[in-house]
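Per-entry structural report
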Amino acid sequence: MGRAIRLVLVLAAKDLRVEFRTRTSLLSAAVFAALVLIVFNFARDPTAVATIDLAPSVLWVTVAFASVVAMNRAFTTERENAAFDGLLLAPVSREVLYLGKYLASLVFVLLVEAITLPLFVLFFNVSLGHALPGLVATMLLATAGFVAVGTVFSAMVVKTRFAELMLPVLLLPFMVPPLIYAVRTSAPLFQGRPLSEVLAGLRFLALYDVAFITLSVLLFSAVVDE
Amino acid sequence: MAEPPLLEARGLTRSYGAVRALRGVDLTLAPGDVLLVLGPNGAGKSTLLRTLAGLLRPQAGTVAVLGRMLSGDDPDARRPIGLLSHQSLLYDELSLLENLTFAARLYDVPEPAERAREALAAQGLSERAGDRPRQLSRGMLQRAAIARALLHRPALLLLDEPFTGLDAVAGDRLRALLAKLHEPSRAMVVVTHHAGEAWDIATRVGVLVGGRWALEAPRPEDVRAFHLTYQELARG
Amino acid sequence: MTADPAQAVIRRGIVLTVLALIGVAVVMVMALKFTPVEANQGLAQKIFYIHVPTATVALWIAVPATGLASMLYLWLHDPRLDRFAAASAEVAAVFCLVVLTTGPIWGKPIWGTWWTWDGRLTLTLFLFFLLLGYHTLRGSVRDPLERGRFSAVLGIMGMALVPFIHLSVYLWRGLHPKPVVLKPSAPSLPWEMLRTLLTGFGVFILLYVGFVTLRYGLQLAQDRKEEADAA
């Protein structure tokens, strides 16, 4: 067990180190998020709909798009370096390989979200205050779910010809339930409602996470073992 | 009780769509064996090597290394295997030392960074330890890949056309290295286009044609006579 | 000299499909001539007899069949299971399309709008996109073994997603008519309507079987041809 955890961390650390040496990926995802927020700002009529009502949707759609951009990176490095065989050769179980990739992608996407949230607060002039813990919890739970599925799909599409296009096509249906619940959970929080009122939403997100992380761990071998 | 052979493969069968790459291949190797695998293009040599490495699951048949079956459920069965393929298995964004330290960790090597340094030194790459793969010449890149493949001191070493693209000097160096690696406790499988490339260290020779062994036997003495045999087999 | 098994399957599929299509025509005639007009919704409601069976077969038969075949394929590696899963998914996609077009045709005269984000329609829309994704994936993977594995993984994930979509989407109170047949109390449809509906169910199940058989046969023929070409 200890060995498994250590290997997961070694794998994730390698991915993150490779990712940050590239420098462009985090930057492009962050710039992308900023651009989406700017578009939203110009696309709405501030007199027609109150910002606070629109806020959760804007935040989560931005997060969704930026996450897909970020997740595309998960296996592209392996393909570009033709290095994935090295991981498959090693005496490492496929479950551990998956968890390593998952952890790295999760950290990466959460970083993108951590950049998006302050930008969102800045551009839309919303005060978060008491909503912040609940919002962070929602972000963590929602992200954990769709990154789990995204990691499996990234491994699949990296071998196809239109990888960058295929990932969103396959992944977006899986992102919708967590996004719906993330919006539904954030909206009362933005309105100043207490965390206790949105526990049902958080429970749903947690259920989704358990279901899909489990499935992903079990199915990863079917994707990567030829 | 007899010890299990180092490598035991039975009835390996594998297709790619309609192409039947392997049609029931058997192979047994004892420690100290060095098998040369030859055959025309498309004969299934790379497929065979990848299956022996555990990278491909055969549709029928089994592979066992040191008595343990290669299957998804037993990662430790892969521990004794080392592979040198066309891909360097190195990450461009990491230095050679970082690459090898990472690989050493995957194999639970004690003192991974130390072993990585030693492995690079053994290939004469100590000065380049901080360089990225992109900065190396082709020959040096292969030496780095060899260093990576040998990190965990594999008992079964698989090499896929290692002499391709090497000039005469690099080829000689590789031949010398293979001779040194030829230990009583280790078995090697070398896929090659020219029998002459590694003839001297080989103990067995196999010719794969159309996914099957046309010949698999102890290495004969005369390489020239073998060339004629090979040409006939490859034609048929 | 052996008969080509693929051709036999195709023939069987054509026969079943033709029978089922005749059945569909029968249902439509029954709906228009032999079934009373619904009090509140008028003539537009007649499409119920096509719309509901198609939706039910797609959601409760075609998609679970694909999911189940996918799981079995990963376990048994039998190419027949992959072929069946793909055929079932294709038919499911077509049925979803029928639901998504008959829905608005029914809805416009009654609700005054072509589309509404009501639970059931949205669920069907989702299913349609999942199935499109499934087919896009299959189209972009060349090696049959890899294609089978990837499709199976997506099929299983998709099947697991359905209850979550259901939960997320049903929280809106929709304009969709409430269930009239599968309710805790006895079905509240008069016999003439129930009769047409049940015939519709039978016919669309037959149509599903016919289409899947036909599609399976066509795929089998293609696979055999590819093998023969390569040999």
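Residues numbered from 1 in each chain as written. Chains lettered and ligands numbered in written order. Predicted model: local features only at pLDDT ≥ 70, side-chain atom pairs only at ≥ 80, totals over all residues.

1. Some thoughts on the sheet that holds strand 4 (residues 60-65) of chain B
Two strands in a sheet stick together by hydrogen bonds in their backbones, pointing the same way (parallel) or opposite ways (antiparallel). Residues and elements named next belong to chain B. Spatially, the four strands line up as an open sheet ordered 2-1-4-5, and their pairing is antiparallel. If you trace the sheet from one side to the other, it starts and ends with strand 2 (19-29) and strand 5 (68-69), each paired once. Here strand 1 (residues 7-16) runs beside strand 2; their pairing, made up of eight bridges, is antiparallel. Residue Glu8 lies in a different strand from strand 2, and its bridge partner there is Thr28. (Pairing = 2+ DSSP bridges. Helix = DSSP H or I, 4+ residues; strand = E, 2+ residues; numbered from the N terminus.)

2. Here we look at the confidence of the model for chain B
Residue and element names in this part refer to chain B. In the predicted model, chain B carries a mean pLDDT of 91, and 99% of its residues have values of at least 70. Confidence, read as mean pLDDT per element, is least for helix 6 (residues 223-235) in chain B (85) and greatest for helix 2 (residues 96-106) (96). Both scores are given for the predicted complex: the pTM is 0.89, the ipTM 0.90. (pLDDT = per-residue confidence, 0-100.)

3. So, the interface of chain A and chain B
Facing the 21 residues of chain A at the interface are 25 residues of chain B. Put simply, the parts of the chain that give the side of chain A that touches chain B at least two residues each are helix 1 (2-22) and helix 5 (84-89) of chain A. Element by element, the count of residues in the side of chain A that touches chain B is highest for helix 1 of chain A, at six residues. Its residues placed into classes, the side of chain A that touches chain B shows nine nonpolar, five polar and seven charged. (Contact = placed C-beta atoms within 7 Å. Nonpolar A, V, L, I, M, F, W, Y, C, P; charged D, E, K, R; others polar.)

4. Re the interface of chain A and chain C
Contact with chain A, which involves 21 residues of that partner, is made by 22 residues of chain C. Breaking the side of chain A that touches chain C down by element, the ones donating at least two residues are helix 7 (131-157), helix 8 (163-190) and helix 9 (199-224) of chain A. Per-element tally for the side of chain A that touches chain C: the top contributor is helix 8 of chain A, with eight residues. Per-class residue counts for the side of chain A that touches chain C are 19 nonpolar, one polar and one charged.

5. A look at the environment of Ser15 of chain B
Residue and element names in this part refer to chain B. Mapping Ser15 onto the fold places it in strand 1. For Ser15, a count of 18 C-beta atoms within 10 Å puts it in the partly exposed group. Separated by 43 residues in sequence, Ser15 and Pro58 have C-alpha atoms that sit 8.6 Å apart. Excluding anything up to four places from it in sequence, Ser15 contacts Arg20, Ala21 and Gln59. (Buried ≥ 20, exposed ≤ 12 C-beta atoms within 10 Å, placed from the backbone.)

6. Things to note about the sheet that holds strand 10 (residues 212-218) of chain B
All names here are of chain B. Pairing within the open sheet is mixed, and its six strands lie in the order 6-7-8-3-9-10. Edge strands, defined here as strands with exactly one partner in the open sheet, are strand 6 (81-84) and strand 10. Taken over all neighbouring pairs, the strand axes of this sheet differ in orientation by 15° on average, direction set aside. Pairing of strand 6 with strand 7 (residues 156-160) involves four bridges; the strand directions are parallel. The partner of Leu84 across the bridge, within strand 7, is Leu159. (Axes fitted to C-alpha atoms, helices over the stretch in contact; angles between N-to-C directions.)

7. Remarks on the nonpolar core
Of all hydrophobic cores here, the largest spans 205 residues; its most connected members are Val223 of chain A, Leu158 of chain B together with Ala58, Ala92, Leu127 and Val153 of chain C. Broken down by element, this core gets its largest block of residues, 15 residues, from helix 7 of chain A. Inspection of this core shows a minimum of three residues originating in each of domain 1 (7-80 + 154-235) and domain 2 (91-152) of chain B. Apart from the residues within four sequence positions on either side, Val153 of chain C is in contact with Val152, Leu219, Ala222 and Val223 of chain A. (Core = buried A, V, L, I, M, F, W, Y, C linked by C-beta atoms within 7 Å. Domains from an automatic or database assignment.)

8. A few points about the pairing of strand 8 (residues 187-191) of chain B
Residues and elements named next belong to chain B. Most of strand 8 sits inside the fold, with five of its five residues counted as buried. Covered by surrounding structure in strand 8 are Ala187, Val189 and Val191 together with Met188 and Val190, the residues of both alternating faces. Two elements, strand 3 (residues 34-38) and strand 8, share four bridges in a ladder whose sense is parallel. Following the sheet pairing, Leu35 is matched in strand 8 by Val189. Pairing of strand 7 with strand 8, which is carried by five bridges, proceeds in the parallel orientation. Along strand 8, the bridge assignment pairs Leu157 with Met188. In this view, the connection linking strand 7 to its parallel neighbour strand 8 by way of helix 5 (residues 168-181) has right-handed handedness. (Right-handed = clockwise from strand over helix to strand, strands pointing away.)

9. What to know about the environment of Phe84 of chain C
All names here are of chain C. As for its placement among the helices and strands, Phe84 is situated in helix 3 (residues 79-111). Residue classification places Phe84 among the buried positions, given that 23 C-beta atoms sit within 10 Å. C-alpha separation for the pair Phe84 and Thr213, spaced 129 residues apart in sequence, amounts to 8.5 Å. Residues contacting Phe84, with those up to four places away along its chain left out, are Ala69 and Tyr216.

10. A look at the pairing of strand 10 of chain B
Residues and elements named next belong to chain B. With six bridges joining them, strand 9 (residues 204-209) and strand 10 adopt antiparallel strand pairing. In the sheet register, Val209 faces strand 10, and the bridge partner there is Arg212. With antiparallel pairing between neighbouring strands as the criterion, strand 9 and strand 10 make up a hairpin whose turn holds two residues, including Gly210 at a positive phi of roughly 55°.

11. Brief notes about unusual backbone geometry
Excluding glycine, a negative phi dihedral is what most residues carry, and trans is how most peptide bonds are arranged. Unusually for a residue other than glycine, Leu89 of chain B sits at a positive phi of about 60°. Considering the arrangement of structural elements, one finds Leu89 of chain B in the loop between strand 6 and helix 2. Owing to 23 C-beta atoms within 10 Å, Leu89 of chain B belongs among the buried residues under this scheme. The phi dihedral of His77 of chain C is positive, around 60°, even though this residue is not glycine. Position of His77 of chain C relative to the elements: it lies in the loop between helix 2 (48-76) and helix 3.

12. Here we look at the packing of helix 8 of chain A against helix 5 (residues 144-169) of chain C
For the pair helix 8 of chain A and helix 5 of chain C, the least separation of the axes is 10 Å and the interaxial angle reads 30°. By the angle between their directions, the pair helix 8 of chain A and helix 5 of chain C is classed as roughly parallel. Judged by the sense of rotation from one axis to the other, the crossing of helix 8 of chain A with helix 5 of chain C is left-handed. Within the contact between the two elements, helix 8 of chain A uses Leu170, Pro173, Phe174, Pro177, Ile180 and Tyr181 of chain A and helix 5 of chain C uses Leu154, Leu161, Phe164, Ile165 and Ser168 of chain C. Along the lines of polarity and charge, the residues of the contact of helix 8 of chain A with helix 5 of chain C split into 10 nonpolar, one polar and no charged. (Parallel < 35°, antiparallel > 145°, perpendicular 65-115°, else oblique. Left-handed = near helix turned anticlockwise from the far one by under 90°.)

13. Overview of the domain arrangement of chain B
All names here are of chain B. You can read the domains of chain B as domain 1 (7-80 + 154-235) and domain 2 (91-152). Spacing between the C-alpha centres of domain 1 and domain 2 amounts to 25 Å. Each partner contributes residues to the interface: domain 1 has six residues there, and domain 2 has five residues. Looking at the side of domain 1 that touches domain 2, its residues break down into four nonpolar, one polar and one charged.

14. Re the packing of helix 7 of chain A against helix 8 of chain A
All names here are of chain A. Axis separation between helix 7 and helix 8 bottoms out at 9 Å; the angle between their running directions is 165°. As summarised for this structure, helix 7 and helix 8 are arranged roughly antiparallel, according to the angle between their axes. Helix 7 and helix 8 meet at a crossing whose hand is right-handed. Residues belonging to the contact of helix 7 with helix 8 are distributed by class as follows: 19 nonpolar, seven polar and no charged.

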